[in-house]
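Here is what each chain is made of, one letter per residue.
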Amino acid sequence: MSTEDGLRELTLSESARQIADRELSPVELVDACLERIDQVDDTVMAFITVYADQAREVARASEQLVAAGHRLGPLHGVPLALKDNIGLEGLRTTAGSKVLDDWIPDGDATVAAKLKGAGAIMLGKTNMHEFAWGGTSDNPHHGTVRNPWNTDRFPAGSSGGSGVAVAARCCQGALGTDTGGSVRLPSAVNGIVGLRPTIGRVSNHGVIPLAWSMDTVGPMTRTVEDNARMLNVVAGHDPLDNGSADVVVADYTAELDRGVDGIRIGVVPDYFFHHLQPPVRDGVQSALRTLEGIGAKVVDVRMEHIHGNISAQLTVESAEPSAYHQRWLRERPDDYGDDVRVLLEVGEMLLATHYIQAQRYRHLLRAEFLDAFKDVDVFICPTLPFTATGVGDMTVVIEDDREEDMLSAIMQFTGVPSLTGLPSLNVPCGFDDHGLPVGMQIIGRPFAEATLYRVGAAFQAETDYHRRAPQL
Amino acid sequence: MADEPSQTVTEDTVRALADLADLNLADKQVEAVRETLDAWIPSANELNEKMAQADHWTVTPITTFTHDQDEEDTG
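Everything numeric in this text was worked out from a predicted model, so none of it was measured.

A. Spotlight on the overall build of chain A. When helices and strands are tallied, chain A shows 17 helices and 15 strands. Expected size for 472 residues packed as a compact globule is a radius of gyration near 23 Å; at 20 Å, chain A falls within 12% of this value. Summarising its shape, the C-alpha atoms of chain A cover approximately 60 × 60 × 45 Å along the three principal directions. For chain A, the residues scored as buried account for 64% of the 472 residues in total. Considering only contacts within chain A whose residues lie at least 6 apart along the sequence, 76% involve residues at least 24 apart. Summed over all atoms, the accessible surface of chain A reaches about 15,900 Å², with 46% contributed by carbon and sulfur.

Spelled out as structure tokens, the structure:
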């Protein structure tokens, strides 16, 4: 293994510790990441913009600060990437679109400012499904993002570039955004950890919206510990975002070693384990047995109202973007990719009653989950019912050789936390026969991210899925 | 000859909805929009029916009224 390979294998947490202890140079670490981007990005197309010169300059300043005994914060000198719908002052932010091809924000998104304030170094902006409205990251303007485990397969989306950049060791962590599953889905199919926080836990200020009532930013990393460290930095109330929750921020690393003894895990057999590719079912059921083996208790739960969530998700996720894009869709419709244009047009044609009933359904489903949380601490299910499908596929086969629409199929399980505002964490839990990752989704009570991390960390202490790297 | 699959949403419906929305929908878009709406509307109508049941009369929509900090009455 070369020195650069060795540096890239360091986790975010290991790098942060070694930089703080002056055992690791931020300059060498940034150079190793930039070299990796040079090696692989023509193939995987994970980045829209790379700030090589700026990142090196900041890394040199980071190194000088450490040498002088100063450390900006817990991510000092750590190279990260941001999804390209998260604004950075003075730097192009496209949201993966042609519509915003030359847009330069006049301020940092709150999450970007927090990461910079904690000492992180921004390597670049990652590729994504156009305006985050889709699950494939097949971008007609900035290239098709490809899965590093098999470049003929898709990386899911919409934060596909962030997922690939982390999995392919181009950076040590990234931010994505999640509306219907856009952090968790690419985390699952690329074999990394991704968190959708409780709605309002992380500021959306300076982030280009998809659907206001469901959008949230979330960290994407290789390990649960890394993810908790990033959430520690980006979580918190923001007066610039009127959807931001004024709730105390925990130290999300505090309970990582606590184990799962006594934790009650809810499963919903007739929904979450009903319609799956066999390797996904096997992977998640094996994970449940692993957690039972270290003290967790698995409890069957019946959820009367869970059916209907996909329709509600599609309705809300269509109507709200169509309102945001209304003017551009009339003034420059040809600047949108074909798939996103159709979805935006469809969103204009749903009835107001469809939207309102979907919003009422969200209360019903949330109330049912909150009631169920009296008897369980978390729910566990697959993150999506299939492993990475082919690049360009618009349909997917889950079972019985039956082709299903990609959009409806991919958000079958991630839509539940999105609609209810509950936090959920993807953790890698296996591989299929083709070497493609399987992910499980851990869903928790509002603002119980620490419990999700506790369960995820206990699982990673027992397994090595998160240590495996794609051979790219 | 096999029966044509029934359509909830027709191209005429799509054009009428586009007119109502004051959306100049290109001809090449009509079929793709129709196909998607045709796949989604039956489920959306099922959800309408569920939520219109008397059991759920008291359920309100998740639309929140947010208050900016500068709205506070300091007078």
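B. A look at the interface of chain A and chain B. Facing the 37 residues of chain A at the interface are 34 residues of chain B. Of the roughly 3,000 Å² buried between chain A and chain B, counting both surfaces, carbon and sulfur atoms make up 66%. It is A:Met349, A:His354 and A:Arg360 in chain A that bury the most area against chain B; as a group they hold 24% of the surface buried on that side. For the pair chain A and chain B, the interface holds zero salt bridges. The set of elements that each furnish at least two residues to the side of chain A that touches chain B consists of α11 (309-324), α12 (326-331), α13 (338-347), α14 (352-372) and α15 (406-410) of chain A. Looking at which element gives the most residues to the side of chain A that touches chain B, the answer is α14(A), with 12 residues.

C. Focus on the sheet that holds strand β1 (residues 47-50) of chain A. Residue and element names in this part refer to chain A. Taken in spatial order, the 11 strands of this open sheet run β1-β3-β2-β6-β8-β7-β14-β15-β11-β9-β10, and their pairing is mixed. On the outer flanks of this sheet lie β1 and β10 (297-300), each paired with one strand and no other. On average, each strand axis in the sheet is tilted by 30° relative to the strand beside it, whichever way the strands run. Where helix α10 (residues 278-293) meets the sheet, it contacts β9 (264-267), β10, β11 (378-382), β14 (424-431) and β15 (437-444), and its direction lies at approximately 150° from that of β11.

Rules used throughout
- Residues numbered from 1 in each chain as written.
- Chains lettered and ligands numbered in written order.
- Predicted model: local features only at pLDDT ≥ 70, side-chain atom pairs only at ≥ 80, totals over all residues.
- Heavy atoms only, no water.
- Helix = DSSP H or I, 4+ residues; strand = E, 2+ residues; numbered from the N terminus.
- Rg over C-alpha atoms; globule rule 2.2 N^0.38 Å.
- Buried < 20%, exposed > 50% of the residue type's maximum accessible area, 1.4 Å probe, protein only.
- Contact = heavy atoms within 4.5 Å.
- Areas by Shrake-Rupley, 256 points an atom, 1.4 Å probe, with all protein chains shown as cover.
- Buried area = accessible area lost by both parts, 1.4 Å probe.
- Salt bridge = Lys/Arg side-chain N within 4 Å of Asp/Glu carboxyl O.
- Pairing = 2+ DSSP bridges.
- Axes fitted to C-alpha atoms, helices over the stretch in contact; angles between N-to-C directions.

Coordinates in, geometry out; function isn't part of it.
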